[in-house]
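Observations on the three-dimensional arrangement
Residue-level listing of the chains:
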Amino acid sequence: MKEIEKLYDRIIQRVNINLRELEFDVNPYVQKLIPFVQMVKFYAFYGISPHHPLNFQFRSSNLAGSYFLGRCKVTNSLLYKSDIRGDELKKKGSLFRYQDYEVPVSDNEEIDIQDSLLIKTLVHNYSHDPETLEKFFITDTIAMNYANIHGSPSNGCFLGVFATVDLTTMRDCVIGNFSYVQAGEISHLRIDPGTIWIRNPGKFNFFYQHPIEQLNDYIYFTAGTPPQGLFMDFIEDRKEAFQRVFDMVNIEHTIPVPNNASLDRYAVTKGQTHIGENVLVCQRAFIQNSWMGKGANAQENCFIINSRLEGCNVTAHGAKICEADLGKHVFVGFNSFLRGRPDSRLNIGDDTIVMPHTIIDSREQLTIPAGRLVWGMIKDQKDLETNSISIEEFSAIDSSISIGGLFFEGSGASFISAFKDRIEHILQANGAFFNGSDKKGHAQKNQNISFNTIQPYPEGMKKGLFPTIIIEP
Amino acid sequence: MNYIVKDLMVPISEYATIPEGSSLFKAVIALENAKQELPGAIYPHWMVLIMGKNKKVLGKLSQLDILRVLSPRDTYTDKIDEMGKFGFSSNFISKMREEYRLRTTSLENFYTHPKTMNMNVEDFMKTIGENEFVDENTSLDTAAHLMFVKNRLSLLVTREDRFVGVLRLSDVFSTVLNAMLKVTHTEGNA
């Protein structure tokens, strides 16, 4: 197992060199976090379908429990139970729009992961960096449990647990636990845990920080200790249900799935769950006793429990919804945690936008009217008043506003329009509007994916490393 | 300009100094008094030196440093100040500060609060860097070069290991000005 240990140390060293200016040492965060024996235990798997590109190159890496789709190159890296979804990459000959430019894409884009350690991380979407159109690179980067690297090329960065970087190129940055960053381009920044920052220069700037003492109850991770808190317990409690779907080669759905919907074979469904038309349930999603209305989706690492989603709902990567009733077109952002109680359910009206990394955890019955923008940490009605605003009112902001812990500068209308456009795009990409012949999306294209497994060397110096594997059509 | 540093420096005996352990209020008074007590000086002192035992300079404080210390701070204002790095405009940051000032009473009378006035200077003084010293026999040209390269408003002047005075940008600038005027005057007469 010597080689894999050397690789681990090498990655740590490379990331530390990049982060030396921030005086951030990744070593105490990651040392001994994953026993090497775990890295040998799990197979990796990749998907094949006529609807997705196929090109994988794996070299000198460990891929334990990771899933690959599309075009992806992994070199000198350790990927532990991560999802690398290359099904939204740019195609050769397409045009990339950036400001007033329309840049032709000269080759099929690929995800290129080098000298990095990704733990239970999701990599998805495409590079939004106009400087690297054909390459979605992740180099010298460490991403911790349940981080999302979404359309965000990264060089020399550390992402804490449940951190999300979205549509942002990052260089030499530390992204704190449960922080969400969507800022176009960032470098040499250290982002505190629980920061929600969305910036489009010249248009808007949205900034909120979770109260750290309260956030620590949900997720706490610091040097020398493993990640802990309610989020970790929540996932740990449901871990066993995934064991079965990963252990079995052929698995049949236990609930009816319409022929225009997709329930991934690596997803878990339990109890009385309804899958409506054009619904997309991705791998590692968990649905229990819930109603998924027409066009709703549950993306990777989502948990939807004892809840009803009326339709065209986006439940973004890592979001969790328990004991809640959501109207139509409700957007729940990345890693949000929405929890009502059986005797005091959470109700969310139509067309509401729940911002990424929002925590709503109420012991009292809470109703969010239709058409609201919701963010931050909400435990009761009083919190709701300082952490939400009607979308109409927010759209009228033309200079700045500060409500509770939220700071906003710029055009509210521009911010809302950007979000609404994106939600529409996600629904479209996921196949929510499929009409039987047109507007196919992931829900229709992902129905027939074959999965192949690959395994590492079982012993010797290369124990745990996968041999060089090149898979082409 | 055939001057050397010791021709222009303000000797330590004429400079505003306070002993270590002094309060913030004492530092403010020392700066104010220095303005009045410097005989025949065109430019007042903008800085007070904090002297340790054995006449060693421990640190310095400018008017700006003192205003920085006196700026009311709490976790909220720290957060606002930090927002510049997240791309918020300085107008927005000033507006947030102003709004906070209006809705909180904790910042009122901050300047005159005994706790503020009695703060120990060692807790907020600027320590002296190695590159802030210049030997008294250095030419004025070299000293001026050091000032702009290191972006310093003053340099501490040494004689061997001893601190003997302060070379101030204002005095260096006056000398340059006088040299120019002299040339202009000579040419005019000719």
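The shown structure was predicted, so the numbers you read here are calculated from the model rather than taken from an experiment. (Residues numbered from 1 in each chain as written. Chains lettered and ligands numbered in written order. Predicted model: local features only at pLDDT ≥ 70, side-chain atom pairs only at ≥ 80, totals over all residues. Heavy atoms only, no water.)

**Concerning the interface of chain A and chain B**
Worth spelling out the cut-off: By definition, residues are in contact when any of their heavy atoms lie within 4.5 Å. Defined here as a combined quantity, buried area equals the accessible surface (1.4 Å probe) lost by two parts on assembly, summed across both. One speaks of a salt bridge when a side-chain nitrogen belonging to Lys or Arg is within 4 Å of a carboxyl oxygen belonging to Asp or Glu. A run of DSSP states H or I qualifies as a helix once it reaches four residues; a run of E qualifies as a strand once it reaches two. Both are numbered from the N-terminal end. Amino acid classes used here: Ala, Val, Leu, Ile, Met, Phe, Trp, Tyr, Cys and Pro are nonpolar; Asp, Glu, Lys and Arg are charged; the rest, including Gly, are polar.
Between chain A and chain B, the residue contacts involve 18 residues of the former and twelve residues of the latter. Across the interface of chain A and chain B, roughly 1300 Å² is buried in total on both sides, 60% from carbon and sulfur atoms. Three residues, F207(A), F407(A) and E409(A), lead the burial of chain A against chain B; their summed loss comes to 42% of the area buried on that side. Where chain A meets chain B, there are zero salt bridges. Elements represented by at least two residues in the side of chain A that touches chain B include exactly β21 (190–191), β22 (195–200), β23 (204–209), β45 (400–403) and β46 (406–410) of chain A. Counting residues per element, the side of chain A that touches chain B draws most heavily on β23(A), which supplies four residues. Each residue belonging to the side of chain A that touches chain B can be placed in one class, and the counts come to eight nonpolar, six polar and four charged.

**Overview of the sheet that holds β21(A)**
Residues and elements named next belong to chain A. Test applied: Strands were regarded as paired on the criterion that DSSP finds at least two bridges between them. In this analysis an axis means a line fitted to C-alpha atoms, helices contributing only their contacting stretch, and an angle means the value between N-to-C directions, from 0 to 180 degrees.
The parallel open sheet is built from six strands, whose spatial order is β4-β9-β12-β15-β18-β21. Edge positions in the sheet fall to β4 (78–80) and β21, since each has one partner strand and no second. With two bridges joining them, strand β9 (residues 117–119) and strand β12 (residues 142–143) adopt parallel strand pairing. Across the sheet, L117 pairs through a bridge with I142, a residue of β12. Along the sheet, helix α1 (residues 2–18) contacts β4, β9 and β12; its crossing angle with β4, the most-contacted strand, is approximately 100 degrees.

**Re the environment of T77(B)**
All names here are of chain B. Selection criterion: Burial status follows relative accessibility: with a 1.4 Å probe on protein chains alone, a residue under 20% of its type maximum counts as buried, one over 50% as exposed, and anything between as partly exposed.
Here T77 lies in helix α4 (residues 75–82). Relative accessible area serves as the criterion here: at 0%, T77 is assigned to the buried category. C-alpha of T77 to C-alpha of Y100: the two residues are 23 residues apart in sequence and 8.2 Å apart in space. T77 has contacts with P72, R97 and Y100, leaving out every residue within four places of it along the chain.

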